[in-house]
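Understanding the architecture of this molecule
What follows is the residue order along each chain.
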Amino acid sequence: MTPIPRCPPAGGAAVTGAGAPPHGGGRPAPFPPSPPPPAVSRIHLPRLPPPPSLSSSSSPASPSSPSPAASALHPSDEALSAMSPREQTSLLSRQRCWRRARDLFGRMRALPGYAPNPVHDAVLLRHLSRARRWDELHRAWLGMALPPSNSAYAAVADALAKAGLARGALLLLRHMRARGVAPDEVSMNTFVRVLKDQGRYADALALFRNWCDGRFEVDFLHLDDIAIDSDGPMQFLLADIYDDKFAAAADGVPAIDEGPRKPKLVATYNTLIDLYGKAGNLKDALVMFLDMPTLRVMPDTYTFNTLINVLGLSANMAQAEALFANMVVRGINPDAKTYNVMMTVFASIGDLYGVLKCYRQIGKAGLDVDAVSYRIVLQALCERKMVREAEYMIEGILNSGGSVHEQSLPVVMKMYVDLGLLDKANSFFERHCKGKGVSSKNFAAIIDVFAVKGLWEEAEHIFFSRRGDGNNKDIVEYNVMVKAYGQAKQYDRVSSLLESIEESAVSPDECTYNSLIQMFSVGGFPQRAKKLLGKMKDAGFQPKCETYSAVIKSYSRHCLVPEAIDLFNEMKSSGVEPNIVVYGLLIDMFAETGNIKEALHYSNLLEESGISPNQVVLTSLIKAYSKYNCWKEAQDLYSRMKNMVGGPDIIASNAMLNLYAKLGMVSEAKEIFDSLRRNSHADDVSYTTMVYLYKGMGLLSESTKIACELHKSGLLSDCVSYNAVMACHVAKGNLRDCAELVQEMIVANIPPDASTFGMIFSLMQNGHVSAAEVLQLESAYNDGKSSAKQAIIAFLFSIAGMHTAALEICEQLLRPEWTIDAWAYNVCFKVYASCGKVEKAFSLFMRMNDLGLKPDTVTCIHLATCYGKPRVSEGLRTNALLEYRTDELMPSHTALAAYIEAGKHNVAVQLVKK
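Quick caveat, the model's predicted, so the values are computed rather than measured.

What follows covers the overall build of the protein. When helices and strands are tallied, the protein shows 51 helices and zero strands. Within the span of the protein, comprising 914 residues, buried residues form 45% of the whole. A fraction of 66% describes how many contacts in the protein between residues 6 or more apart in sequence connect residues 24 or more apart.

Before going further, it helps to examine the packing of helix H39 (residues 719-731) against helix H40 (residues 735-747). Running from N to C, H39 and H40 point in directions that differ by 170°, and their axes come no closer than 9 Å. On the basis of the axis angle, H39 is roughly antiparallel to H40. Across the interface between the two elements, Cys719, Tyr722, Val725, Met726, His729 and Val730 of H39 pack against Asp737, Cys738, Leu741, Val742, Glu744 and Met745 of H40. Considering only residue class, the contact of H39 with H40 consists of nine nonpolar, one polar and two charged.

Residue Lys489 is not a glycine yet carries a positive backbone phi of 60°. Along the chain, Lys489 turns up in the loop between helix H25 (475-487) and helix H26 (492-503). A relative accessible area of 58% places Lys489 in the exposed class.

Attention shifts here to the environment of Ile809. Checked against the element boundaries, Ile809 lands in helix H44 (residues 803-813). A relative accessible area of 13% means that Ile809 is categorised as buried.

With that out of the way, let us pick up the packing of helix H35 (residues 650-662) against helix H36 (residues 666-678). Between H35 and H36, the least distance of the axes is 9 Å, while the angle of their chain directions is 155°. Between H35 and H36, the angle is such that the two are roughly antiparallel. Between H35 and H36 the crossing geometry is left-handed. Contact residues: H35 offers Ile650, Ser653, Asn654, Met656, Leu657 and Tyr660, while H36 offers Glu668, Ala669, Ile672, Phe673 and Leu676. For the contact of H35 with H36, the class distribution of residues is eight nonpolar, two polar and one charged.

Moving on to the nonpolar core. With 252 residues, the main nonpolar core has Met764 and Phe797 as its most contacted residues. Counting residues per element, this core draws most heavily on helix H45 (residues 822-834), which supplies 10 residues. Not counting chain neighbours up to four residues away, the residues in contact with Met764 comprise Val769, Val774, Leu777, Ile792, Phe795, Leu796 and Ile799.

This part covers the packing of aromatic side chains. Counted by the stated rule, this structure contains 18 aromatic pairs. Plain terms: the ring middles of Phe324 and Tyr339 are 5.5 Å apart, the flat faces sit at 75° to each other, and that makes the pair edge-to-face. Of the two residues, Phe324 sits in helix H16 (residues 317-326) while Tyr339 sits in helix H17 (residues 336-348), which places them 15 residues apart along the sequence. Both residues of the pair, Phe324 and Tyr339, belong to the buried class. Seen from their ring centres, Trp456 and Tyr485 are 6.3 Å apart, and the 50° between their planes marks the pair as tilted. Pair noted here: Trp456 is in helix H24 (residues 456-463) and Tyr485 is in helix H25, with a separation of 29 residues, a long-range link. The pair Trp456 / Tyr485 is uniform in exposure class, with both members buried.

Enumeration over the complete set of coordinates arrives at 30 salt bridges. Its salt-bridge partner being Glu460, residue Arg493 comes within 3.1 Å of it at the nearest N-O pair. Within this pair, whereas Arg493 is found in helix H26, its partner Glu460 is found in helix H24, the two being separated by 33 residues in sequence. Classification of Arg493 as partly exposed rests on a relative accessible area of 32%. A relative accessible area of 15% means that Glu460 is categorised as buried. One salt bridge connects Lys530 with Glu570, and the closest N-O pair in it is separated by 3.4 Å. With Lys530 in helix H28 (residues 526-538) and Glu570 in helix H30 (residues 561-573), this pair connects stretches of sequence that are 40 residues apart. Note on Glu570: relative accessible area 23%, which makes it partly exposed. Through salt bridges with shared partners, a single ionic network connects Arg102, Asp103, Glu136 and Arg139.

For H45, with 13 residues, the first-to-last C-alpha span of 18 Å sits near the 18 Å given by 1.5 Å per residue. For H45, the tally of buried residues reaches 12 of 13 residues, placing the bulk of the element in the interior. Listing the buried residues of H45 in full gives Ala822, Trp823, Ala824, Tyr825, Asn826, Val827, Cys828, Phe829, Lys830, Val831, Tyr832 and Ala833. Count one or two residues on from H45 and you reach Gly836, which has phi positive near 90°.

This part covers the environment of Leu409. The topology assignment puts Leu409 in helix H21 (residues 409-418). Along the backbone, Leu409 and Val438 are 29 residues apart, and their C-alpha atoms lie at a distance of 9.1 Å.

As a further point, take the confidence of the model for the protein. Summarising the model, the protein shows a mean pLDDT of 81, and 81% of its residues fall at 70 or more. Averaged pLDDT values over the elements of the protein bottom out at 44 in helix H12 (residues 244-251) and peak at 95 in H21. Per-residue pLDDT stays below 50 along residues 1-25; that stretch engages in 46 contacts with residues further than four places along the chain or on separate chains. Residue range residues 244-253 is modelled with pLDDT below 50. Its contacts to residues more than four positions away, or to other chains, number nine contacts.

Note on placement: Ser408 falls in the loop between helix H20 (387-399) and H21. Setting aside chain neighbours within four positions, we find Ser408 in contact with Arg375 and Leu378.

All right, on to helix H22 (residues 422-432) then. Taken as a whole, H22 has its buried residues at Ala425, Phe428, Phe429 and His432. What you see down the axis of H22 is that its buried residues fit within an arc of 100°, all on one side.

Quick look at the state of the cysteines now. According to the stated counting rule, one finds zero disulfides in the structure shown. Cys708 forms no disulfide, and the closest cysteine sulfur to it belongs to Cys728, at a distance of 7.6 Å.

A word on the environment of Cys511. Assignment of secondary structure puts Cys511 in helix H27 (residues 510-522). A sequence separation of 32 residues divides Cys511 from Asn479, and the C-alpha atoms of the two residues are 7.0 Å apart.

Conventions used here
Residues numbered from 1 in each chain as written. Predicted model: local features only at pLDDT ≥ 70, side-chain atom pairs only at ≥ 80, totals over all residues. Heavy atoms only, no water. Helix = DSSP H or I, 4+ residues; strand = E, 2+ residues; numbered from the N terminus. Buried < 20%, exposed > 50% of the residue type's maximum accessible area, 1.4 Å probe, protein only. Contact = heavy atoms within 4.5 Å. Axes fitted to C-alpha atoms, helices over the stretch in contact; angles between N-to-C directions. Parallel < 35°, antiparallel > 145°, perpendicular 65-115°, else oblique. Nonpolar A, V, L, I, M, F, W, Y, C, P; charged D, E, K, R; others polar. Left-handed = near helix turned anticlockwise from the far one by under 90°. Core = buried A, V, L, I, M, F, W, Y, C linked by side-chain atoms within 4.5 Å. Phe/Tyr/Trp six-rings, centres within 6.5 Å; stacked < 30°, edge-to-face > 60°. Salt bridge = Lys/Arg side-chain N within 4 Å of Asp/Glu carboxyl O. Expected span 1.5 Å × (residues − 1). pLDDT = per-residue confidence, 0-100. Arc of directions from axis to C-beta. Disulfide = S-S within 2.5 Å.

Dropping the structure here:
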């Protein structure tokens, strides 16, 4: 980094600390001495006293007697005539109303002996341009006694740019070129600044370098391409540019060459330093700064402010702080803007301590805190979610007679919403935003705070809230509400929003249509999106490729093939060239439907348009070939992908794995799978495919090995992968492992599917469970009983010895709000009996009797398992079994067979005696 030279002071000694003259009420109360920066992430601020009033302490002049200053602004004609041209210029510049400036200029021109003065013309033009009085500007322009001067061009260009009419300001360059008026340093600096503020850094530098070389060229700016509104202010101002005779004369203007020169004004250097900094050319910015003393141009406060900002925002904090410290040595006193720049720099790197340190120094330097200072500190506090400190700062601002800066309103709202403090957010809005004249732009930013969180009702409340006088909704607010409804999937509410747009004086813009089309496309309403696409074209907007792509994607997801093709053809006929995303969508759509011919057709169109297929397109073609088991063609595409940057992605590799698995090509599949494992690219789909491949080929040990590896990998994420692991346990008859896997699924909130329950029934049939019990559970599952899945899982846990988990499910099934059938009681009976809670089992039996539920064969089997359990008296057993007449319980021979099957011979004897 080039060192910053220590230049001799340009002027008087610096004013610092207590020696500074007293200022108005904008000075913040002093903080306690700054401690070293804390090591913790959260900075505990001292409790700040409220900032003092921003208003001046001086009392206003009495309205009954005009002040001397007011008399000086409206002198008599005699006094005006006695003034020098420079004094007249100063007086004209100090006018605060364009009408008074116009009238004063008219009086000056009417004075005897008045000589036309181009500076006076420039000052009047500046007043009228800033007030946007275009008709008055037109008259003043045409009424100038002298041709437009550099001062006039610079004044009008500056005012137009600040009014948001930068295009018109640049057209003045063409007017100057046609008139043969070479820009002086002031006008050159003005146009360079206009280009800089537009982000046209290269053009700004070219204009400056041409001026330094003594040349005045404007062709590189392409001013002929700038369109002028037919009813805009520049239409009449530059009408003579398009006059045939004037244009012909302009073509014959010789090149303007005034020889090399160097800038001599500090304002020019300030503009260039800022320009180099924004263009990312820090070296040239420093060179420009270092050249100033050599050319006897002394930096001012604005110079230092600009360079500090450039250094800080380019992450050169040490140099920025050194430059800030050297300002006093150079004889330059930091002003409030200097401290604001330093606070901005510290805030950009998240250094809250630095922000607060600079804030304290404003008061120590005897300077006034302004609205920008408060805004920077408040934003830093809100970004750190320091609610208490931010609220204290807000109260201080209000107590000082000020108000929260409009740009800070969305920042504070975001802090509250991010922390879930919606009540505080609403209170803040009611106090500081509602009916306060907040601009539509900042209303939109507040709405967006809720929109990104899916809080559409809160966003809607802001949208429909009362505004200040003259602050109407802009289209940007409607666009953000579209986003809010889309985020929350409130598609039906968009219709009323569209109606309100049509009823208002606001016209939808291109962003409106794009947002609506994207929302309906993503939401699964392609027809509504297509209708809006037509409205967008009718409104004069040309949809871009991305807009068409969104609708085509929605069509393809819903397998609306003819509609997708029609829109593709409409897109091409409109002159919009499809990109690789559009072609990829169509190719994938046909691949999913197994239409290889059409998929290849659009692949050929893609390459004919000069676009090379990427991994996504080739993967779709592999899927298309897989539908028809065309492994050779798919293999060729996969080999082609290996030669591409990055190689095949996981989706392509899994597609090939699936194809090889379908065809039983074990070695080819193993080669791809081993490669994925070596590179740590294998996912749950890769493992699942190999598990089923090995299992299907009878390689049970390899299948189990891969399943165990999948289980330990942490890749189990869905029911399919869990089922793959379970299939191996089922094949080996590992009941406990299967039950534990089902428990993992429940904990991970992954509900078992039909395949999972199918494997559970298979385990039961192969285990020590009676056929009657399995049949009853399968019937309940197939009939879609409400509690079937929970009961089956409880039964599985019970027979696997996981009694605690089984009991938890039964406790849920037996809650009063649940209504369960006899078969579910049988499961609960089984669970309680299996874990030794025999009294609970018998009480369930009695409860079934009270509810009028007839015990069946399964009930008797479970009841029989209770026989012989400890802590149950013989009387309780017999009374429970013989509570009913046998013919009411079930046929005698069925019950007798059930007890004999369960090994309960004593009960069978009792039944025979009965």
